[in-house]
Amino acid sequence: MKTKFFVRSVTTLVAFCVLANAVCEKLWGQLPAAISAEIIEFEDERYFSDRLKQLLSDKNPQIRRRAALAAGRIGDAKALEYLFELLRSEKNEAVREMTVFAIGEIESVAAADRLIELLDLETKTFSVTSPFGSRLIEAAGKIAAANPNTKQAVNLQSVILDSARAALVSPSVDTEAIVLTLTALLRARPAGADEVAAGFLNHPASRVRADAANVLTRIRAKNAVGQLIRLLEKDSDWSVRANAARAIGAAGDRSAEGALVTAALGDTDIRVRVSAIRSLGMINATASAEKLVKRGEELLQDIRSSSFRLPAERNELLEIFLVLGKLLYNTRNQRAAELLDAFTAIDNFENPEAPVARVRILRFSGSDYPTPKTFRQLATMADVIGEFANIDPIDDADAKRKAEAPDQTRTIAQALIAAEPEKEPELIKAGANVLRAFARFKTADLPEILRRALESKDLFIRAAAAELLADLPPSEENGAALRKAFQFSSAADHDSSDAIIAILEALQKVDRQNSIDVFRQALESPNHLVRSKSLQILTTSDFGPLRGEAMRIVETAKTRNVLRVYPYKPTNGTRVGQTLNTKADYLRAAQRRNGTIRAEVQTEKGTFTIELFPEEAPLTVDNFIKLANRGFFNGKEIHRVVPNFVVQDGDPRGDGNGGPGWSIRCEINLISYQRGIVGMALSGKDTGGSQWFVTHSPQPHLDGGYTAFGRVSEAGMKIVDSLVRGDKILSIKIRQVSSKRDRIR
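Residues numbered from 1 in each chain as written. Predicted model: local features only at pLDDT ≥ 70, side-chain atom pairs only at ≥ 80, totals over all residues. Heavy atoms only, no water.

1. Here we look at the overall build of the chain
Broken down by element type, the chain carries 34 helices and nine strands. Its C-alpha radius of gyration of 27 Å places the chain within 12% of the 27 Å reference for a compact globule of 745 residues. Each of the 745 residues in the chain was classed as buried or not, and the buried ones make up 57%. Long-range contacts, defined here as pairs at least 24 residues apart, represent 70% of the contacts in the chain between residues at least 6 apart. By element, 51% of the accessible surface of the chain is carried by carbon and sulfur atoms, the whole surface being about 31200 Å². (Helix = DSSP H or I, 4+ residues; strand = E, 2+ residues; numbered from the N terminus. Rg over C-alpha atoms; globule rule 2.2 N^0.38 Å. Buried < 20%, exposed > 50% of the residue type's maximum accessible area, 1.4 Å probe, protein only. Contact = heavy atoms within 4.5 Å. Areas by Shrake-Rupley, 256 points an atom, 1.4 Å probe, with all protein chains shown as cover.)

Here you go:
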């Protein structure tokens, strides 16, 4: 009896606390935690429920705002009716902004005409430069990019271009409005975008100049090289100089070689130097090669004298190697070869950049290869041998090495296929590199080797094999092998859906009509990601005479709400693509506040701190905290570093493929990817797990596509900037912040 009384008392107390919390927060103007938890649960389930519809008309504007964001994250086009209805009556500007943001996140072409109507109303008073108008432009860009071959996309492109032109000539437009407009321009890519983007290169705000150069880079514009050279040479902001260098390279204009060489060798910021180095390769500036070799020699000397196991200078040196392999192709440049050999000896064949450049400049003979022991060495060897597929032989000996290369990669591939993951884990982790290297030679037996690889016990080898088969001419034999692999993968893959998704995508290309039963079966998967992919294929693909059957399958699937994410059951065999949280988990996540929790990341080069944003990404933060508290990240190697882009960690395999054994839903928010923002790495929507990244520099193209859930201070970014591929995260410790003074600034 005492036990029952105790349980009832605790239950009553919890209920009272939740109620009191809700009342207090409502009085204080905050979002009630109980309602927030309810909304988070709907997001986790990807379920646009009747309750969520009610919350869109709640008296509390913060609840309406949060419910609108949830509708956008869920992505159900049925929500558009309710979101546009909310816009018609809503007076609160913050709610209106979030509602439009949500409409853009749904990415449905069904919203295009109504968005254009709203934009027309805004532009009549030129309030498109207001926060609400800016979000309209942002949403238009997302919808145009997601539906590129539609009439509505063309109409959206026109409106975006007109809005960008209007912003260009108005002195009252604020920076944020221009940035959102430029990002929409980048996504929609209307004809004339290059001229408008170039007009913003003279803007007084450095962020605008940098973003304008970024747009020109990504659309490969050729109309503003003179302006870009001036920015590269004279602008005081490193991000402007770096993006100007990138845009020059994308334009392919060799007249900028002198400015690029000066920046590559002498700019004070590595992000600018790296961008200039890459662009020298893009414009094929062969005259700069010897200067880059000299710079490489200086960096190598710095590396040798450094006290760090993996000095930061490696990042810049690897970029130089990539470019030298292009600029000195087939030149047999001895000085460059000596530099590459010296680094390879230090690096122990762990990274491919130097050995691959060596092959391109002066080759390797078979006897030059070390005996590989680690998966990185195996992967590097595969990349080196595979490079012979692109080599033009200089002499008979060279031709012989090229002729031997397919057999060398075939031997490794055959060993890979026969390997047991438990006995040969290093070979297995190099598997994707090996298969891709072999595929470059396009041998007659490539389809057979890939079909055999589909039988591997390692799901990532199967995923790579499926992706490569999708690039080959369709055949019944390949289709049959992929269907068999789907059955095996569906039963065997517990920790990731990568192979299953890759197989479905390959079947879509290779043999979709004979695979309609596979797509039907995929709709029965407990994994939301598999069901979503199958429904997408059935909805968007041409099934010819089976089109009617495909549409019947789609309609039946929609009545069963296959896009909803359902709770994990032990009998499902996998935890990927399912909800794993309880109501207590949702409430805990909802009660956290920004500025009250941080993660201390200890690396070999020092410690940096991440301020976590639980209000913007509650379940992502909760997942990160769970993993950190159990030591998941401790000792993990940083497997990816792209200078002037990101540092990425969180892969237990170390090859870029691993995860925790489950997936979490994306929690897209309004945080813009500035320098130091922490986000979740993905292989597709809702595929996050444990891999996370920190941005070196602003990356506006990531906005609205990847969950941002934290920020590193500028002081901490000095540590982040020093990290290179192979550095280790020693530990991540979660700390509660006791006062506002402890918060990161």
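Moving on, there is more to tell.
2. Quick word on the sheet that holds strand E5 (residues 646-649)
Strand order in this open sheet of nine strands is E3-E9-E1-E2-E8-E6-E7-E5-E4, and the pairing throughout is antiparallel. Taken across any chain shown, the strands that pair with only one partner, and hence form the sheet edges, are strand E3 (636-637) and strand E4 (640-642). Bridging between strand E1 (residues 597-603) and strand E2 (residues 606-612) involves six bridges; their strand directions are antiparallel. Of the residues in E2, the one forming a bridge with Arg 598 is Glu 611. Packed onto the sheet, helix H34 (residues 714-722) meets E1, E2, E5, strand E7 (692-695) and strand E8 (708-712) and runs at close to 125° relative to E2. (Pairing = 2+ DSSP bridges. Axes fitted to C-alpha atoms, helices over the stretch in contact; angles between N-to-C directions.)

3. Section: the pattern of salt bridges
A full pass over the atoms with the stated rule returns 57 salt bridges. Here Arg 66 makes a salt bridge to Glu 43, at a shortest N to O gap of 2.6 Å. Of this pair, Arg 66 sits in helix H4 (residues 61-74) while Glu 43 sits in helix H2 (residues 33-45), and the two are 23 residues apart along the sequence. The burial state of Arg 66 is the same as that of Glu 43; both residues are buried. Across the salt bridge formed by Asp 269 and Arg 271, the nearest N and O atoms sit 2.5 Å from each other. As far as the burial class goes, Asp 269 and Arg 271 line up, both buried. Connected through salt bridges with shared partners, the residues Asp 585, Arg 588, Arg 592, Asp 622 and Lys 626 form a single ionic network. (Salt bridge = Lys/Arg side-chain N within 4 Å of Asp/Glu carboxyl O.)

4. Comments concerning the pairing of E7
Residue alternation in E7 divides its side chains into two sets, Trp 692 and Val 694 and Phe 693 and Thr 695, and both sets are buried. With four bridges connecting them, E5 and E7 associate as antiparallel partners. Each bridged residue has a counterpart across the sheet, and for Gln 648 the counterpart in E7 is Phe 693. Here strand E6 (residues 677-680) pairs with E7 via three bridges, running antiparallel.

5. Brief notes about the side chain of Asp 211
Among the secondary structure elements, Asp 211 is positioned in helix H12 (residues 206-218). Given the relative accessible area of 3%, Asp 211 is considered buried. With sequence-adjacent residues up to four places away left out, Asp 211 is seen in contact with Val 179, Leu 182, Asn 243 and Pro 700.

6. A short note on the packing of aromatic side chains
In the structure shown here, the tally under the stated rule is eleven aromatic pairs. Ring centres 6.0 Å apart and planes at 80° place the aromatic pair Phe 519 and Phe 543 in the edge-to-face group. On the criterion of sequence distance, the pair formed by Phe 519 in helix H29 (residues 516-522) and Phe 543 in the loop between helix H30 (528-540) and helix H31 (547-559) is long-range, its members being 24 residues apart. The class of Phe 543 is buried, set by a relative accessible area of 0%. When the ring of Phe 633 is compared with that of Trp 692, the centres are 6.4 Å apart and the planes differ by 90°; the resulting orientation is edge-to-face. Taken together, the residues span a long stretch of sequence, with Phe 633 in the loop between helix H33 (618-629) and E3 and Trp 692 in strand E7 at a distance of 59 residues. (Phe/Tyr/Trp six-rings, centres within 6.5 Å; stacked < 30°, edge-to-face > 60°.)

7. Thoughts on H30
The terminal C-alpha atoms of H30, which comprises 13 residues, lie 18 Å apart, in line with the 18 Å expected from a rise of 1.5 Å per residue. Among all positions in H30, only His 528, Leu 529, Val 530, Arg 531, Lys 533, Ser 534, Leu 535, Ile 537 and Leu 538 are buried. Tucked inside the fold, the buried residues of H30 contact helix H28 (498-510), H29 and H31. Here H30 starts with a cap whose side-chain oxygen sits 2.8 Å from the backbone nitrogen of Leu 529, and that cap is Asn 527. (Expected span 1.5 Å × (residues − 1). Polar contact = N/O pair within 3.5 Å; in protein donor to acceptor, adjacent residues only side chain to side chain.)

8. Quick look at the packing of helix H32 (residues 583-591) against H33
Interaxial distance between H32 and H33 falls to 9 Å at its minimum, and their mutual angle equals 105°. When the axes of H32 and H33 are compared, the pair comes out roughly perpendicular. Residues Asp 585, Tyr 586, Arg 588 and Ala 589 of H32 pack against Pro 618, Leu 619, Asp 622 and Lys 626 of H33. Here the residues of the contact of H32 with H33 are counted per class, giving four nonpolar, no polar and four charged. (Parallel < 35°, antiparallel > 145°, perpendicular 65-115°, else oblique. Nonpolar A, V, L, I, M, F, W, Y, C, P; charged D, E, K, R; others polar.)

9. Thoughts on the environment of Ile 729
Within the secondary structure, Ile 729 is located in strand E9 (residues 728-736). Under the relative-accessibility criterion, Ile 729 is labelled buried at 1%. Between the C-alpha atom of Ile 729 and that of Arg 598, which follows or precedes it by 131 residues, the distance is 16 Å. In contact with Ile 729, not counting residues within four places along its chain, are Val 601, Gln 602, Thr 603, Phe 633, Asn 634, Gly 635, Lys 636, Ile 638 and Asp 649.

10. Quick look at helix H8 (residues 131-146)
In a regular helix each residue adds 1.5 Å, so 16 residues correspond to 22 Å; H8 covers 23 Å between its end C-alpha atoms and thus fits that length. Burial runs high along H8: 13 of the 16 residues are buried.

11. Points about unusual backbone geometry
Phi angles above zero are rare outside glycine, and Arg 220 is one such case at about 55°. Position of Arg 220 relative to the elements: it lies in the loop between H12 and helix H13 (225-234). Despite not being glycine, Asn 330 shows a phi value in the positive range, around 60°. Note that Asn 330 resides in the loop between helix H18 (313-327) and helix H19 (334-347).

12. Section: the pairing of E1
Going residue by residue along E1, you find Ile 597, Ala 599, Val 601 and Thr 603 tucked away on one face and Arg 598, Glu 600 and Gln 602 left uncovered on the opposite face. Hairpin geometry of E1 and E2 is characterised by an intervening segment of two residues between the two adjacent antiparallel strands.

13. What about the layout of surface pockets?
Of the voids in this model, the second largest pocket is the one considered here, and its volume is about 450 Å³. Residue assignment for the lining of the second largest pocket shows that the elements contributing at least two residues are H2, H4 and H32. Classifying every residue of the lining of the second largest pocket gives nine nonpolar, four polar and six charged. (1 Å grid on protein atoms, 1.4 Å probe; cavity = no way out; pocket = protein on both sides within 12 Å on 5 of 7 lines; lining within 4 Å. Points joined across faces, edges and corners; volume = space filled by probe spheres on them.)

14. With respect to the nonpolar core
The tendency in soluble globular proteins is for nonpolar side chains to be buried side by side. Counting 120 residues, the largest nonpolar core has Leu 52, Leu 83, Ile 103, Leu 185, Leu 201, Leu 232 and Leu 324 as its most contacted members. Counting residues in each nonpolar core, the second largest holds 74 residues, with Val 434, Ala 437, Ala 463 and Ile 553 among its members. (Core = buried A, V, L, I, M, F, W, Y, C linked by side-chain atoms within 4.5 Å.)

15. Focus: the side chain of Asp 727
The residue Asp 727 is located in the loop between H34 and E9 in this model. Assessed through its relative accessible area of 2%, Asp 727 is described here as buried. Among the polar contacts made by the side chain of Asp 727, one reaches the main-chain amide nitrogen of Val 724 at a distance of 2.9 Å. In this structure Asp 727 touches Arg 309, Leu 310, Glu 604, Lys 605, Lys 636, Glu 637, Ile 638 and Ser 722, once residues within four positions along its chain are discounted.

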